[in-house]
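# Structure at a glance
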Amino acid sequence: MLLRRLLLLALALFCFTAPVLRAGVPLDFYLPAGTTYDPKVPTPEQFFGFQVGDWHLRSELNTAYLRAVAAAAPERVKFEIMGYTPERKPLVLLTITAPQNHARLEQIRAEHLALFDPAKNAALDVAQMPVVVDLGYSIHGNEPSGVNAMPLVVYYLAAAQDAKVAELLKHSVVLVEAQRNPDGGDRAAQWFNQHRSLGAPSIDPLDREHNEAWPRGRFNHYWFDPNRDWLPLVHPEAQARAALFHRWRPNLLTDHHEMGTNGTFFFQPGVPTRNNPSSPAKVFELTAKVAAFHERALDGKGIFYYSEQGFDDFYPGKGSTYPDLHGTIGILFEQASARGHAQESENGVLTFAFAIRNHVLSSLSSLDASVALRTELLGLQKDFPRETAELAAKSKVKAYVFGDDGDPARAWAFLSLLAQHHIEVRPLAEDVAADGRTFKRGAAWVALTNQPQFRLLTEMFVKRTTFEDPVFYDVSAWTLPFAYNLPYAELDRAPAAGEPIGAPEFPAGKLVGGHSNYAYLFNWNGYFAPRALQRFHAAGVRVKGLTSPLEAIDADGARHAFGYGAILVPVGQQPERAAAIRAVIDTIVKEDALTVYACSTGLTPKGVDFGSASFVTLPAPRVALICGGGVDPHDIGAAWHVLDQRVGLTPTLLDVAQLGRADLARYTTIVFADGRYDDEVSDATVANLKRWVREGGTLVLMGRAATWAVKKEIAALEFAGGRAPDVAPTTGGRNQQVASADERGGAARQAYASAGDREAQKLIAGAVVAASIDPTHPLGYGFSDERVSFFRKNAIFLKPAKSPYETPAVYTAKPLQSGFISEANQTALANTAALVALAVGRGAVVAMPDDPNFRGFWYGGNRVFFNAIFYGSAIRPPGMGDGGDEAHAH
């Protein structure tokens, strides 16, 4: 037995290191030896001019190769483009199956979807149906062994002539998502290739090849983590992926990743106590059965691996969990990464070719498992609607009702998301009182729990605060109505409702009173009001913002109320811009879902008049987003995305290394997202920042940027506990943080092996928290309710400002709304500051412990960020007021 183990260990080490000893490997290093191939189909090596693994493949090479394979083997392979990335790179899908299946592919798809229809599935014989498998590669761009394995898998399925492959394709439809993140993948491939030594690659972990420059290739164009976007669907890659998923509803879906260089190979099941409670138990049973096929494949090559450790199946926004909630087996694979072509590791020299082969092996073992377990996998989906209906019938919640909160655009965005997930939503047909609110017919919707998507619907709306295992690979909460800051309630009965609405139309705006030669007014509460304001700035139109509510008379003589932040567009004062103003007005009514009021008089029946100093001039914002070394790409990427895509404002992406040489006077607003800045910003630059703020700039600080600003005496902020914490955010997986020494000293002795999990429970690893916001403060303009939800992912507890007017938002006395936060951290968080806005000279410093734009889908928090940019200049020292002596009531 000992000898056998030693031989296996020697084999594993040889397999791990051997490919680096030669420049390239034969095809049968990757694929089953002895296979006969169709000579019409080019091998990857013939097409690329080098063997896979010698260089990192860019997306355009992969796309060209896949086109060539489809052209050479049209009887097996269909090529299509299912969408494009922000950089206009195609998201390529191959459909690979036997010729007889291609001839009736649409019929196969329709019959497969009928498995989920109780009215049709009784007549279906799963023994006669092919299994549908989705193979998806390298959603993290700098985890490239997956996407480099992909052309080998495609070649094998397209060209292999043996009976095994013919039988596999007869009983399966294989969907190949060639590269789930081409933008990040190309960034990584360029880095690894341009730093590769042309002789032998450097295996030194400190070599530049193995240490990518910021932001690294993991992320997409906007520096988002695409494997957290399966639920929020912020980006086009995720939207295309969701459309494909619901077009086919595959039986098994793979998600090929990489992990740290010193790891081995992981495949699911994950940690058993961290499975999503809405996923069917049968999913996890079949996941375990599928795992046996991976075990045999890897054992046969002497490969070390593990499962049921480290990774979980909890957050439904990940590629291995979202499928589970639909009766699909989602499988995560994690291969140790060479982060280049070859690198030293604790297990020997890890080569790119070795990593690629493991993803080839796991791809083929997934297909073997799917065909062998075909009737069970199909049977799971056939039983899925009945079991889901039974679960829904037992639920105490019979419906979720939500309203538009006076902002139809935000409600539209939420309804659009639900439609993309095939959640059935109906218009509310009666007024409903619940949770202290009244949801009005015509301005509210209801999602009945008695629907096919009950499991996913539950996860989207659930407020979960108790957990079997309070340690999380990613976030512990994602309650979507909170993210959109929409009022909602759980109902124990199904209210009267209309027919399902499907994908909603964009809400129409309205111009009241026709065009005006005097002025226009519109309220600030609409989600796209900042975009409308930006359109005026881009057209060179002078605009003003309201700092004191009023009622105004429109051109037809009707009275209308306008709240804090309402926008006044003078026409008579800038007649040279009249045509431009008219064009912008027509655009924002049509495209920004705003109701605009034409006014013919500046005399108001209530509140300030149009000539009052309570209308402040709003300068066109010029925004610098600090990026580069030390900055969290997620947070600054989210800021970039919402400004670029939802506001139409192009920020300057200012590298922290350039900050010291920049003329700060170019910018009205500078944003420091969460990050570590101690070693990145010089003392001279800090002095320039201080001067810039005093001269009128608005400095926005998020997360650890606030703690850095305190150390550098940029901002007079204070933290609970008397110290400025410097802890990294705890979302994103892999690195579970531990508490600092002073937090763990003096505690009762605990088992050493329990330290990781016990200390992780002290973290705030992604939870939803409630705050109360002041809608009279410039940062609170446009909020119709004082309650707002933020996403908390750190343990930074900011004290309220010394002035009672400079803390526009505080967390409530019981802040936890959804997710896990320890009792101690809940107490520490209660009543601390969610926003601090300090007037400094003619400028302002805005500090926020949380990212208001979290992962791009926190629509409710976006308004705080937009206000800091557009209304930062209106933040004035307490007692200075708005100069509005004219406030009156006629």
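Up top is the structure these notes are about.
In this report, the structure presented in the accompanying data block is examined. Since the structure is predicted, the reported quantities are computational estimates derived from the model, not experimental observations.

Reading guide: rules and limits
Residues numbered from 1 in each chain as written. Predicted model: local features only at pLDDT ≥ 70, side-chain atom pairs only at ≥ 80, totals over all residues. Heavy atoms only, no water. Pairing = 2+ DSSP bridges. Helix = DSSP H or I, 4+ residues; strand = E, 2+ residues; numbered from the N terminus. Axes fitted to C-alpha atoms, helices over the stretch in contact; angles between N-to-C directions. Contact = heavy atoms within 4.5 Å. Buried < 20%, exposed > 50% of the residue type's maximum accessible area, 1.4 Å probe, protein only. Arc of directions from axis to C-beta. Phe/Tyr/Trp six-rings, centres within 6.5 Å; stacked < 30°, edge-to-face > 60°. Lys NZ or Arg CZ within 6 Å of the ring centre and 35° of its normal. Polar contact = N/O pair within 3.5 Å; in protein donor to acceptor, adjacent residues only side chain to side chain. Salt bridge = Lys/Arg side-chain N within 4 Å of Asp/Glu carboxyl O. Parallel < 35°, antiparallel > 145°, perpendicular 65-115°, else oblique. Nonpolar A, V, L, I, M, F, W, Y, C, P; charged D, E, K, R; others polar.

A few words on the sheet that holds strand S33 (residues 843-848). Pairing within the open sheet is mixed, and its nine strands lie in the order S26-S25-S27-S28-S33-S32-S31-S29-S30. Sheet topology places strand S26 (652-655) and strand S30 (787-792) at the edges, where each strand pairs with a single neighbour. Averaged over all adjacent pairs, the angle separating strand axes in this sheet is 25°, with direction ignored. Pairing between strand S25 (residues 623-627) and S26: four bridges, direction parallel. Bridged to Ile-626 within S26 is Leu-654. Sitting on the sheet, helix H21 (residues 704-711) is in contact with strand S27 (669-672), strand S28 (698-702) and S33, with an inclination near 120° to S28.

Glancing now at helix H8 (residues 163-170). Of the residues making up H8, those classed as buried are Val-165, Leu-168 and Leu-169. Taken around the axis of H8, the buried residues stretch over an arc of 90°, which confines them to a single face.

For the coordinates displayed, the defined rule picks out 55 aromatic pairs. Seen from their ring centres, Phe-467 and Phe-472 are 5.1 Å apart, and the 80° between their planes marks the pair as edge-to-face. Summarising the burial analysis for this pair, Phe-467 and Phe-472 share the class buried. Note that Arg-196 overlies the ring of Trp-55, its terminal NZ or CZ placed 4.9 Å from the centroid. Over the face of the ring belonging to Trp-230 we find Arg-241, whose NZ or CZ atom lies 4.2 Å from the ring centre.

Moving on: unusual backbone geometry. Most peptide bonds are trans, and most residues other than glycine sit at a negative phi. Backbone torsion omega between Trp-214 and Pro-215 reads 5°, so that peptide bond is classified as cis. Inspection of the secondary structure assignment puts Pro-215 in the loop between helix H9 (182-194) and helix H10 (236-248). Residue Gln-268 is joined to Pro-269 through a cis peptide bond whose omega torsion reads 25°. Mapped onto the fold, Pro-269 is located in the loop between strand S6 (265-267) and helix H11 (281-299). You will see that Arg-339, though not glycine, has its phi angle at about 45°, which is positive. By the element assignment, Arg-339 lies in the loop between strand S7 (329-336) and strand S8 (342-345). One non-glycine residue, Glu-713, adopts positive backbone phi at about 60°.

Inspection of the secondary structure assignment puts Asp-674 in the loop between S27 and helix H20 (683-694). Asp-674 sits in the buried class, given a relative accessible area of 2%. For Asp-674, the side chain forms a polar contact with the side chain of Arg-704, separated by 2.7 Å.

Applying the stated rule across the entire model yields 44 salt bridges. A salt bridge links Arg-559 to Glu-551; its shortest N-O distance comes to 2.6 Å. The class of Arg-559 is partly exposed, set by a relative accessible area of 49%. Residue Arg-704 pairs with Asp-674 through a salt bridge whose shortest N-O separation is 2.7 Å. Remark: Asp-674 occurs in the loop between S27 and H20 and Arg-704 occurs in helix H21; sequence separation between them is 30 residues.

Our focus in this paragraph is the packing of helix H19 (residues 633-647) against helix H25 (residues 859-870). Relative orientation of the contacting elements H19 and H25 amounts to 85°, with a least axis distance of 11 Å. When the interaxial angle is binned, H19 and H25 end up roughly perpendicular. Of H25, the residues touching H19 (which contributes Ala-639, Val-642, Leu-643, Arg-646 and Val-647) are Tyr-859, Asn-862, Phe-865, Phe-866, Ile-869 and Phe-870. Broken down by class, the residue content of the contact of H19 with H25 amounts to nine nonpolar, one polar and one charged.

The values are spatial; any link to function lies outside them.
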